[in-house]
Amino acid sequence: MTSKDGLVAPARTWIGLVLLAVPVVALAVAGWQRRWMADDGMINVRVVHQVLAGNGLGFNAAERVEVTTSTLWLWLLVLAQAVTPMSETSVLAVGLGWVLTLGGLVAGTLAGVLWYRDRGRGALLLPFGTLLVAMVPPVWDFTTSGLETGLTFAWIGCSLLALSWRLSARPDLPAWRPLWVPALIGLAPLVRPDLTLMGAVLGLALVLQNPRRLSSWWATLLAALALPAAWQLFRMGYFASLVPNTALAKAAGDAEWQRGATYFLDLFGRYGLLLPGALIALLVLARALDTVLTGRDLGRTALALAPLVAAVLHGLYVIRVGGDFMHGRMLLPALFALAMAAPVVAVRLRRRVLIGAFAVVAVSSLVSGLFLRFPAFERWDEATGIADERAYYLARIPSHRSVSVQDWQGSGWYKRGLEHRRAAAEGRSYYSDRTLRLPAAAGMGVVTTEDNIGLTAVVAGTDVFMADRHSLADAVQSRMEVVPEPGSRVGHSTTPPDWRRARYAAPALDDPPEVRAARSALACGDLAELQDAVSAPLTVERFWDNVAAAPRLTFLDVPADPVAARAAFCQPEGPGAATSG
């Protein structure tokens, strides 16, 4: 029996609500119990502090380097901090991540309910994909963490809910109406650039809801791309790059299939997700085939397939680039999209196949949530470079908590940040590379290098310059191709220290030849232009010069060897001179 709006009866009864709410409640409890703040999440906090201090969008006040991957997440944090100035940014980030994760799961559940609006009469709606994703331990960890994972979940869930609602409520309108639907889907690259793949698939599902009007396709595309295109123009003019600096530092265009396959199995194999994932895929394909055979409804077929296709494409991209060093993190969007392809299932007693599929997913979810865990390592798994980032940090913080900055007191990261903060307050000036301390270059103040730049930078304050050894916040070193060290974390190769000393330490007569070579290279050709693009005062003329130079500077190849870089970028006099690459 159904209500007037066509929703199946169980969804209107307390029994149905309890059943569908179980995964949401389970994830809410587990995610909150494991709340934490990653050091990478503190990178976002540092940029928020720079923005509100009037220093711009860079990690360091002296340079315009886009160190945040998620544009939308950064601006949400800026807005939250501006509205609640007495709140601590890291605490806001943890709370927002938790709320957005749960919102995404609720939205995905509602999208699943809408699917059965006209086809679920007399059936019991049970959680299916929602149950699976809610019981995976890495999902609990990245429900918070200060990173954009919760926003990603919210975007996926809300986009699918918008598509489902539009198809059921307003199927005859042009694809661009209502305007907020394509605008929401178009936010994909602002949530994370790699979500553009998912956004393209969901956008196609939108236009296929009304395929007869080709003119509306262009209007839909314009509505979806207006905000991302505006930000892309700003990125090119402000940062002189086509992509965030993190994509350059982590070599997001390189192919690392073998390493990526290891990363995939570390999540899907470790938590027994292969079989339930296959069952979800089969159910989705059966749904799509049913829509073709019964109604030939192209829009409904596209909606059935879109989250599955989006999950596969995004998962393949993550595998191709070699995954990540954080256990499970980069594959969570694909896992969530896969789960939202069949968030709920309508079960009748006579349909034993569906009952069996639900039983498999339920048992797998319970086993995963209760018994399966990433093994404990002193640092990380040196065979794969994958780490349980939460366990790594909490084991090294005396309070064993990391939500607020004060929770980190007593840790080495906090102590070093406090030392540099006091030095800056005293007006001191030096360049510190952990193993040596030298006079800083003119006008630089306190400069320090770190392996993990987030928390130390937040404690040190916005006036201390953090020179990143892993290049996430360095526009020059992110363009270097460095051979990964054995057992190193994915995307965290260390660049030669000669470059940092050449840029941030005062010249000295006893500088090593490599430092002198690096200093010479930095003053030549495209390297000099790159530094001006990110550090010279941002005038209108500079902005448009950066826009024109961004494509070339994005793909600039800087040899890691300073001597080779000097030969590549500095034009000697006479014939046979080298040119910039």
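Residues numbered from 1 in each chain as written. Predicted model: local features only at pLDDT ≥ 70, side-chain atom pairs only at ≥ 80, totals over all residues. Heavy atoms only, no water.

(A) Representation of the overall build of the protein chain in the model. Secondary structure assignment for the protein chain yields 25 helices and six strands. The globule rule puts the C-alpha radius of gyration for 581 residues at 25 Å, and the 25 Å found for the protein chain is close to it. For the protein chain, with 581 residues in total, the buried portion stands at 57%. Total accessible area on the protein chain is roughly 24000 Å²; 64% of this is exposed by carbon and sulfur atoms. (Helix = DSSP H or I, 4+ residues; strand = E, 2+ residues; numbered from the N terminus. Rg over C-alpha atoms; globule rule 2.2 N^0.38 Å. Buried < 20%, exposed > 50% of the residue type's maximum accessible area, 1.4 Å probe, protein only. Areas by Shrake-Rupley, 256 points an atom, 1.4 Å probe, with all protein chains shown as cover.)

(B) Geometry of a nonpolar patch on the surface. On the surface, a nonpolar cluster with roughly 500 Å² of combined accessible area is contributed by Leu197, Trp257, Val309, Val312, Leu313 and Leu316. Per-element tally for the nonpolar patch: the top contributor is helix α15 (residues 298-320), with four residues. (Patch = residues over 30% accessible without salt bridge, like charges linked within 9 Å, V, L, I, M, F, W, Y side chains within 5 Å. Salt bridge = Lys/Arg side-chain N within 4 Å of Asp/Glu carboxyl O.)

(C) Looking closely at the packing of aromatic side chains. Scanning the model with the defined rule gives 15 aromatic pairs in all. Taking 5.0 Å as the distance between ring centres and 55 degrees as the angle between the ring planes, the aromatic pair formed by Tyr393 and Trp413 counts as tilted. With Tyr393 in helix α18 (residues 389-394) and Trp413 in helix α19 (residues 412-425), the pair connects residues that are 20 residues apart, well separated along the chain. Trp413 sits in the buried class, given a relative accessible area of 8%. Judged by centre distance (5.8 Å) and plane angle (75 degrees), the rings of Trp408 and Trp413 are edge-to-face. Among the aromatic residues, those joined into a cluster by ring pairs are Trp231, Phe234, Tyr238 and Phe239. In this structure, Arg46 is placed above the aromatic ring of Phe59, and the distance from its NZ or CZ to the ring centre is 4.8 Å. Taking the ring centre of Trp115 as reference, the NZ or CZ of Arg300 above it sits at 3.9 Å. (Phe/Tyr/Trp six-rings, centres within 6.5 Å; stacked < 30°, edge-to-face > 60°. Lys NZ or Arg CZ within 6 Å of the ring centre and 35° of its normal.)

(D) Structural context of the state of the cysteines. A full pass over the atoms with the stated rule returns one disulfide. Bridging Cys524 to Cys570, the disulfide has an S-S length of 2.1 Å. Here the S-S torsion is close to 95 degrees, and the disulfide linking Cys524 with Cys570 is therefore right-handed. Taken together, the positions of Cys524 in the loop between α22 (513-522) and α23 (525-535) and Cys570 in the segment after α25 (562-569) put the pair 46 residues apart, joining distant regions of the chain. Accessibility expressed as a relative area gives 18% for Cys524, which makes it buried. When its relative accessible area of 14% is taken as the criterion, Cys570 is described as buried. (Disulfide = S-S within 2.5 Å.)

(E) Local environment of the environment of Phe543. Inspection of the secondary structure assignment puts Phe543 in helix α24 (residues 540-554). Classification of Phe543 by relative accessible area gives buried; the value is 16%. If near-sequence neighbours (up to four positions away) are discounted, Phe543 is found in contact with Leu233, Phe234, Gly237, Tyr238 and Leu538. (Contact = heavy atoms within 4.5 Å.)

(F) Fine view of helix α3 (residues 71-83). Relative to the 18 Å expected for 13 residues at 1.5 Å per residue, α3 spans 18 Å between its end C-alpha atoms, a close match to the ideal helical length. Buried within α3 we find Thr71, Trp73, Leu74, Leu77, Val78, Ala80 and Gln81. Considering only its buried residues, α3 is in contact with α2 (39-52), α4 (89-115), α7 (149-169), α9 (188-191) and α11 (214-239). (Expected span 1.5 Å × (residues − 1).)

(G) Representation of the side chain of Asn245 in the model. Among the secondary structure elements, Asn245 is positioned in helix α12 (residues 245-249). When sequence neighbours within four positions are dropped, the list of residues in contact with Asn245 reads Val65, Glu66, Ser471, Leu472, Ala473, Asp474, Ala475, Ser478 and Arg479.

(H) Up close: unusual backbone geometry. A cis amide bond links Arg177 with the next residue in sequence, Pro178, at an omega value of -10 degrees. Within the secondary structure, Pro178 is located in the loop between α7 and α8 (180-185). With a phi angle near 60 degrees, His400 is a residue other than glycine that sits in the positive phi range. Relative to the helices and strands, His400 is located in the loop between α18 and α19.

(I) Representation of the sheet that holds strand β4 (residues 437-438) within the structure. Spatially, β4-β3-β5-β6 is the arrangement adopted by the four strands of the open sheet, whose pairing is mixed. Of all strands in the sheet, those bounded by a partner on one side alone are β4 and β6 (465-468). As judged from the three bridges shared by strand β3 (residues 430-432) and strand β5 (residues 446-450), these two strands associate in the parallel manner. Bridge pairing links Tyr431 to Val447 in β5. (Pairing = 2+ DSSP bridges.)

(J) Here's a closer look at the nonpolar core. Residues Phe59 and Trp155 are the most contacted members of the largest nonpolar core, which totals 130 residues. In terms of residue count, α7 provides more of this core than any other element does, nine residues in total. The contacts of Trp155, once residues within four sequence positions are left out, are Leu184, Ile185, Leu187, Ala188, Val191, Leu195, Met198, Gly199 and Leu202. Grouped together as the second largest cluster of nonpolar side chains are 22 residues, Ala240, Cys524, Leu553 and Leu556 included. (Core = buried A, V, L, I, M, F, W, Y, C linked by side-chain atoms within 4.5 Å.)

(K) Inspection of the side chain of Ser478 at higher detail. Mapped onto the elements of the fold, Ser478 is located in the loop between β6 and α21 (497-504). Sequence-distant contacts of Ser478, that is, excluding residues within four places in its chain, are made with Asn245, Leu248, Ala249 and Ser471.

(L) Spotlight on the confidence of the model for the protein chain. Looking at the protein chain as a whole, the pLDDT averages 90, with 91% of positions reaching at least 70. Below pLDDT 50 for its whole length, residues 1-8 participates in 18 contacts with residues either more than four positions away or in separate chains. Note on residues 573-581: pLDDT is under 50 here. Beyond four places in sequence and across chains, it has 16 contacts. (pLDDT = per-residue confidence, 0-100.)

(M) Main features of a negative patch on the surface. A cluster of acidic side chains, namely Asp254, Glu256, Glu481 and Asp557, defines a negative patch on the protein surface. By secondary structure assignment, the location of Glu256 is in the loop between α12 and α13 (257-269). By relative accessible area, which is 38% here, Glu256 ends up partly exposed. (Lys, Arg positive; Asp, Glu negative; His and termini not counted. Charge placed at Lys NZ, Arg CZ, Asp CG, Glu CD.)

(N) Representation of empty space enclosed by the protein. Per the stated rule, a full pass over the model turns up six cavities of 30 Å³ or more. By volume, the largest cavity amounts to about 130 Å³. As for the largest cavity, its lining consists of Ala111, Gly112, Trp115, Leu160, Ser164, Arg287, Leu303, Ala304, Pro307, Met340, Ala341 and Pro343. Those elements that place two or more of their residues in the lining of the largest cavity are α4, α7 and α15. Looking at the lining of the largest cavity, its residues break down into nine nonpolar, two polar and one charged. (1 Å grid on protein atoms, 1.4 Å probe; cavity = no way out; pocket = protein on both sides within 12 Å on 5 of 7 lines; lining within 4 Å. Points joined across faces, edges and corners; volume = space filled by probe spheres on them. Nonpolar A, V, L, I, M, F, W, Y, C, P; charged D, E, K, R; others polar.)

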